[in-house]
Amino acid sequence: MAITVEARPYPFTLDPAHAALVVIDMQRDFIEPGGFGAVLGNDVSRLTAIIPSVAALLSLFRGQNLPVLHTREAHRPDLSDCPPAKRLRGAPGLRIGDEGAMGRILVAGEPGNAIVPELAPLTGEMVIDKPGKGMFWATGLHEILSEKGITQLVIAGVTTEVCVQTSMREANDRGYECLLIEEATESYFPEFKASAIEMIVAQGGIVGWSARLAALETAFARELVHG
Ligand code: TIU
């Protein structure tokens with residue numbers, strides 16, 4: 001049975017039979033000091049603050065046995081999936097693949113590349129390593145979701161205007177309906193978070209919808225069976 005979630009630019013009709021929660025890149029590399037986010041010059045403390053909201057969202061989906069997908073921005077240890085144009089961008093103190101405070105920066109399997117322990121994936125949840133900012137590029141994700149009949153994505157994660165917005169735009173072009181949960185996404189730049197949300201919902205939801213966490217919780221409580 002579909003449920004109605006109060007959202008912008010207009011209510012989102014969520015069909016639990018075809019929906020998944022997507023948690024984008026809630027990794028130590030972006031959220032803790034010494035990772036990729038920090039070496040790019042960012043203050044990472046803003047991102048830590050959304051962990052409880054993302055955890056609440058995970059509880060909501062896990063409580064209904066709905067599918068959960070986690071992504072990680074991660075490169076192979078030999079960096080064969082990291083284009084020089086990405087690795088050499090800017091003048092960071094350390095580059096992708098260099099040894100940092102939490103192991104090699106943005107490399108799969110390194111301590112810093114793990115999802116923060118509070119949001120660790122459970123057995124059976126999907127985990128996608130992606131070499132790009134968008135979650136569909138070079139991941140096979142569209143095929144995985146299509147096989148499961150998933151057409152709606154409830155979105156959380158970091159950062160709003162980089163990996164989250166890129167992934168939502170990729171999803172939108174592939175025919176998915178995306179609902180971004182405002183308290184469960186964050187940017188190093190508050191004005192970029194606000195602008196990204198406005199860009200997503202403008203023009204009748206040109207990229208997707210956005211909603212408050214409480215709106216989704218209320219809709220689940222009102223219309224889904226507990227436990
Ligand atoms: N730098 C920045 O804002 N973000 C990234 O590099 N990756 C993600 O957003 N995951």
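In what follows, the structure referred to is the one given above.
Every value quoted in this text rests on a predicted model; they were computed, and no experiment measured them.

J.: Help me understand the side chain of Gln165 in this model?
T.: For Gln165, the location among the structural elements is in helix α7 (residues 160–173). The exposure class of Gln165 is buried, given its relative accessible area of 7%. In terms of polar contacts, Gln165 uses its side chain to reach the backbone carbonyl oxygen of Glu161, at 3.5 Å. Residue contacts for Gln165: discarding those within four places in its chain leaves Thr159, Thr160, Ala196, Met199 and Ile200.

J.: Explain the layout of surface pockets to me, please; I cannot follow it from the model alone.
T.: A probe matching the size of a water molecule, rolled over the atoms, marks out where space remains unfilled. Reported here for the largest pocket is a volume of approximately 560 Å³. What lines the largest pocket is a set of 29 residues, among which Phe36, Leu40, Glu73, Lys86 and Lys133 lie closest to the centre. Of all elements in the fold, only α5 (84–87) and α7 reach the threshold of two or more residues within the lining of the largest pocket. Grouping the constituent residues of the lining of the largest pocket by class yields 17 nonpolar, three polar and nine charged.

J.: Would you mind showing me how to read the pattern of salt bridges here?
T.: If charged atoms from side chains of opposite charge come close, those side chains can pair. Scanning all chains against the criterion turns up 12 salt bridges. A salt bridge links Glu182 to Arg212; the nearest nitrogen and oxygen atoms lie 4.0 Å apart. Pair noted here: Glu182 is in strand β9 (residues 177–186) and Arg212 is in the loop between β10 (209–211) and α9 (213–223), with a separation of 30 residues, a long-range link. Look at Glu182 and you get buried, because its relative accessible area is 18%. For Glu183, the salt bridge is made with Arg212, and the minimal N-O distance between the two is 2.7 Å. Residue Glu183 is found in strand β9, and its partner Arg212 is found in the loop between β10 and α9; the two are separated by 29 residues along the sequence.

J.: Help me understand the site of the ligand in this model?
T.: Taken together, Asp25, Phe30, Phe36, Leu40, Glu73, Lys133, Val158, Thr159, Val162, Cys163 and Tyr188 make up the full set of residues adjacent to the ligand. In the environment of the ligand, a nitrogen atom lies 2.9 Å from a nitrogen or oxygen atom belonging to the side chain of Glu73. A distance of 2.8 Å is found between an oxygen atom of the ligand and a side-chain nitrogen or oxygen belonging to Thr159. Coverage of the ligand by the protein amounts to 93% of the 280 Å² it exposes when considered alone. The residue inventory of the shell around the ligand, partitioned by class, reads seven nonpolar, one polar and three charged.

What counts and what doesn't
- Residues numbered from 1 in each chain as written.
- Predicted model: local features only at pLDDT ≥ 70, side-chain atom pairs only at ≥ 80, totals over all residues.
- Heavy atoms only, no water.
- Helix = DSSP H or I, 4+ residues; strand = E, 2+ residues; numbered from the N terminus.
- Buried < 20%, exposed > 50% of the residue type's maximum accessible area, 1.4 Å probe, protein only.
- Polar contact = N/O pair within 3.5 Å; in protein donor to acceptor, adjacent residues only side chain to side chain.
- Contact = heavy atoms within 4.5 Å.
- 1 Å grid on protein atoms, 1.4 Å probe; cavity = no way out; pocket = protein on both sides within 12 Å on 5 of 7 lines; lining within 4 Å.
- Points joined across faces, edges and corners; volume = space filled by probe spheres on them.
- Nonpolar A, V, L, I, M, F, W, Y, C, P; charged D, E, K, R; others polar.
- Salt bridge = Lys/Arg side-chain N within 4 Å of Asp/Glu carboxyl O.
- Near = heavy atom within 4 Å.
- Areas by Shrake-Rupley, 256 points an atom, 1.4 Å probe, with all protein chains shown as cover.

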